[in-house]
Amino acid sequence: MKRFYITTPIYYVNDKPHIGHAYTTTAADVLARFKRMNGCAVLLATGTDEHGIKVATAAKENNRLPHEHVDLLVEDFKSLWADLGISYDVFIRTTEARHHRATQHIFRKLLDSGDIYKGEYQGWYCLHDETYLSPAEVLDGTCPNPECRRPVTWLSQPSYFFRTSKYAPALRQLLETHPDQIRPETRRNEVLSFLDQGLRDTCISRSHIDWGIPVPADEQNIIYVWFDALMNYLTVAGYPDDDPGFRDIWPPDVQLMAKDILRRFHATLWQAMLMAAGLPLPKLLFAHGFWTAERQKISKSLGNVIDPSALARDLAAASGASPTVCIDAIRYFLLREVPFGLDGDFSNHALIGRFNADLANDLGNLLNRTALLLTRRYSGRIPQATSEDAVCSALAAEVDSSAAAIETLDFSNALVALWRGLAILNRYLDQKSPWSAGRTRKEADKVLYTVFDGLRAISIALLPFMPNAASEILRRLSVPTDPPPTWQDARTFNRLAAGETISSGSPLFPRLLPDAIPATLGNLPAAPAARPLPAAKPAHLSPSSAPQTPQEQQMTNQPEQITLDDFKKLDLRVATVLQAENVPGTDRLIRLLVDIGGATRTLVAGIGDVYRPEDIVNKQLIVVTNLPKTMIRGVGSEGMILAVGDKTVEALLTLDRPAPSGAKVR
Ligand code: MSP
């Protein structure tokens with residue numbers, strides 16, 4: 001049997017699990033379920049990152065010993081994964097003895113080979129992010145990560161270093177010879193620019209702490225939490241004890257994560273560690289995008305951390321659907337709403353929209369109306385007939401296209417293909433209208449059989465995405481699910497047993513009616529569909545505390561009429577963001593270097609409340625280029641980007657397909 005090893009990051013045990021963590025883990029689960037349906041022996045691993053100062057400090061604050069603390073917190077993750085139906089094979093905790101052995105083993109091995117050496121670390125460290133920082137990276141004494149921006153600490157300590165720099169040429173060569181090993185391509189390009197900046201050796205030990213894995217034979221020092229965490233992927237595979245088993249499963253086929261931990265950690269440190277250990281590299285590192293919630297960063301302090309289990313409970317109460325079906329609605333939403341690799345915004349408005357349109361209407365209603373028809377006219381029994389050939393081949397093509405999309409981790413298009421399949425069935429049913437008076441019994445039999453057989457096929461293909469709802473549909477269609485259906489079953493037709501009874505049951509996805517939706521769903525305000533969007537405006541320079549200019553006042557009130565000539569005076573261009581960083585001393589202002597076609601410009605934009613610099617790099621924005629240069633916090637800004645938002649920025653104006661930098665906007 002073909003082995004297939006999938007990993008998620010191991011999550012910081014201190015964090016409250018939310019839709020961001022659920023996203024990566026659900027994507028990994030969909031892939032795992034799909035591969036199992038295709039006959040692979042899958043190893044799906046997830047887990048928790050339990051060492052580090054933050055955990056030790058939080059334990060102390062709660063009057064607990066660190067290990068008691070992590071034993072309690074890990075349950076939050078395990079129970080969310082149980083609720084979400086994550087079919088992991090291994091849950092790894094970095095506090096496990098097997099992981100200590102593996103980490104110390106590799107540390108010793110690299111020390112012996114000279115890839116780890118002892119030196120003196122003098123430099124900055126961000127305790128919150130557990131990251132060593134070069135002086136150039138520190139912004140005004142704070143961590144450059146926009147999510148963090150906490151004061152950094154000066155460390156001066158004898159330390160162990162890993163020779164990351166030695167592997168820079170090999171890492172670069174890897175990116176060039178295996179351009180598909182890191183995806184999407186934009187992320188691979190970011191890794192290349194990261195390498196261009198030069199790699200320093202990585203300090204991989206800390207002294208004066210006692211929560212973590214000790215350096216072998218030098219127990220005063222604790223192994224750096226990232227070196228320890230990355231090792232989890234090897235521990236899971238049985239390294240170093242279980243040699244034949246390890247060789248059988250190593251390397252990982254797919255390693256999933258968000259873009260935040262690709263460049264510095266997985267693409268460089270991790271791969272350099274493997275090179276140094278002489279171990280094969282992962283076949284694919286895939287970094288997906290980041291979710292915001294109602295256009296805000298998800299953070300405890302903003303109080304917008306959405307717990308998917310609570311959201312499913314709220315959704316169930318509001319719709320009358322079962323909680324497990326609502327879990328599947330969330331799984332569906334996360335993977336359908338945003339192309340895997342791009343950033344996404346979570347809003348209840350969008351979730352409700354998908355619930356009603358895609359799930360209640362396209363899928364649920366097709367099942368309900370045909371099941372009802374069968375119950376009324378055929379006492380619920382599947383008629384003796386064969387499926388319409390043309391429908392079967394069209395559906396098989398969609399199932400194949402869905403499979404091809406999953407293979408490339410294009411989950412949203414995989415679902416789009418299945419929804420094209422549902423559209424085929426809905427259209428076919430409407431056109432053939434078996435209920436109409438002119439139909440012979442034989443014709444009606446064929447139509448109903450075809451629709452149920454098609455629903456059976458699509459539901460099987462939906463099993464990786466919505467295991468509960470799809471199994472329930474199959475149960476209602478009397479399709480046996482033991483042994484579990486294979487992917488091949490989703491592309492083979494005429495598989496319903498005539499005479500079997502179909503149960504209609506209550507609607508699987510009852511429509512969410514506006515009156516039933518509570519003011520908050522899953523901790524977020526359930527923004528009404530008709531929420532007025534603020535006016536579009538050049539949203540750059542003015543910090544929110546600044547008084548409104550007359551122009552701004554005009555934009556929020558009645559706009560003054562202008563002539564076409566006035567409008568033509570504006571030079572609006574497509575600008576591709578090359579670099580972005582916070583303006584020192586402020587979280588709100590971001591300095592952008594943009595390409596406007598053969599020339600670059602520096603802009604300063606007050607968008608840091610909503611966007612992190614790395615979220616904007618590579619985006620194509622619209623810029624007003626013919627405004628006078630303005631100085632903002634000592635930085636000259638040569639233009640304005642267009643954004644939506646009144647006092648604060650809500651969204652940037654971007655393009656729906658790429659255009660050349662500098663293209664004129666009319
Ligand atoms: N412990 C490290 C990872 C070590 S892996 C060897 C860590 N943990 S974390 O708890 O911060 O998790 C980061 C991962 O959680 C991201 O890479 C992503 O998979 C997921 N996400 C957390 N928040 C997210 C969003 N807002 N959006 C999308 N995914 C996010 O880093």
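The structure we're discussing is the one just above.
Residues numbered from 1 in each chain as written. Predicted model: local features only at pLDDT ≥ 70, side-chain atom pairs only at ≥ 80, totals over all residues. Heavy atoms only, no water.

(A) Seen up close, the site of the ligand. The immediate surroundings of the ligand are formed by 25 residues, with Ile 10, Thr 24, Asp 49, Asp 260 and Trp 291 found nearest. Between an oxygen atom of the ligand and a main-chain N or O atom of Tyr 12, the distance comes to 3.0 Å. Interatomic distance of 3.0 Å between a backbone N/O atom of Ala 258 and an oxygen atom of the ligand. Alone, the ligand offers 660 Å² of accessible surface; in the complex the protein occludes 95% of this. When residues of the shell around the ligand are traced back to their parent elements, those giving at least two are β1 (3–12), α1 (19–37), α7 (225–230), α8 (232–236) and β12 (254–258). Looking at the shell around the ligand element by element, the count peaks at 4 residues for β1. Tallied by class, residues from the shell around the ligand come to 14 nonpolar, 8 polar and 3 charged. (Near = heavy atom within 4 Å. Polar contact = N/O pair within 3.5 Å; in protein donor to acceptor, adjacent residues only side chain to side chain. Areas by Shrake-Rupley, 256 points an atom, 1.4 Å probe, with all protein chains shown as cover. Helix = DSSP H or I, 4+ residues; strand = E, 2+ residues; numbered from the N terminus. Nonpolar A, V, L, I, M, F, W, Y, C, P; charged D, E, K, R; others polar.)

(B) Main features of the environment of Ala 41. Mapped onto the elements of the fold, Ala 41 is located in strand β2 (residues 41–49). As a C-alpha pair, Ala 41 and Leu 508 span 467 residues in sequence and 32 Å in three-dimensional space. Apart from the residues within four sequence positions on either side, Ala 41 is in contact with Met 1, Lys 2, Arg 3 and Phe 4. (Contact = heavy atoms within 4.5 Å.)

(C) Structural detail: the pairing of strand β21 (residues 590–595). Burial along β21 is one-sided: the face carrying Ile 590, Leu 592 and Val 594 is buried and the face carrying Arg 591, Leu 593 and Asp 595 is not. Direction of pairing for strand β20 (residues 572–582) relative to β21: antiparallel, over a ladder of 6 bridges. Counterpart to Asn 582 in the pairing with β21 is Ile 590. Pairing between β21 and strand β22 (residues 600–605): 6 bridges, direction antiparallel. Note that in β22 the partner of Ile 590 across the bridge is Ala 605. Here β21 hands over to β22 after 4 residues, with Gly 597 in that stretch at a positive phi of 90°. (Buried < 20%, exposed > 50% of the residue type's maximum accessible area, 1.4 Å probe, protein only. Pairing = 2+ DSSP bridges.)

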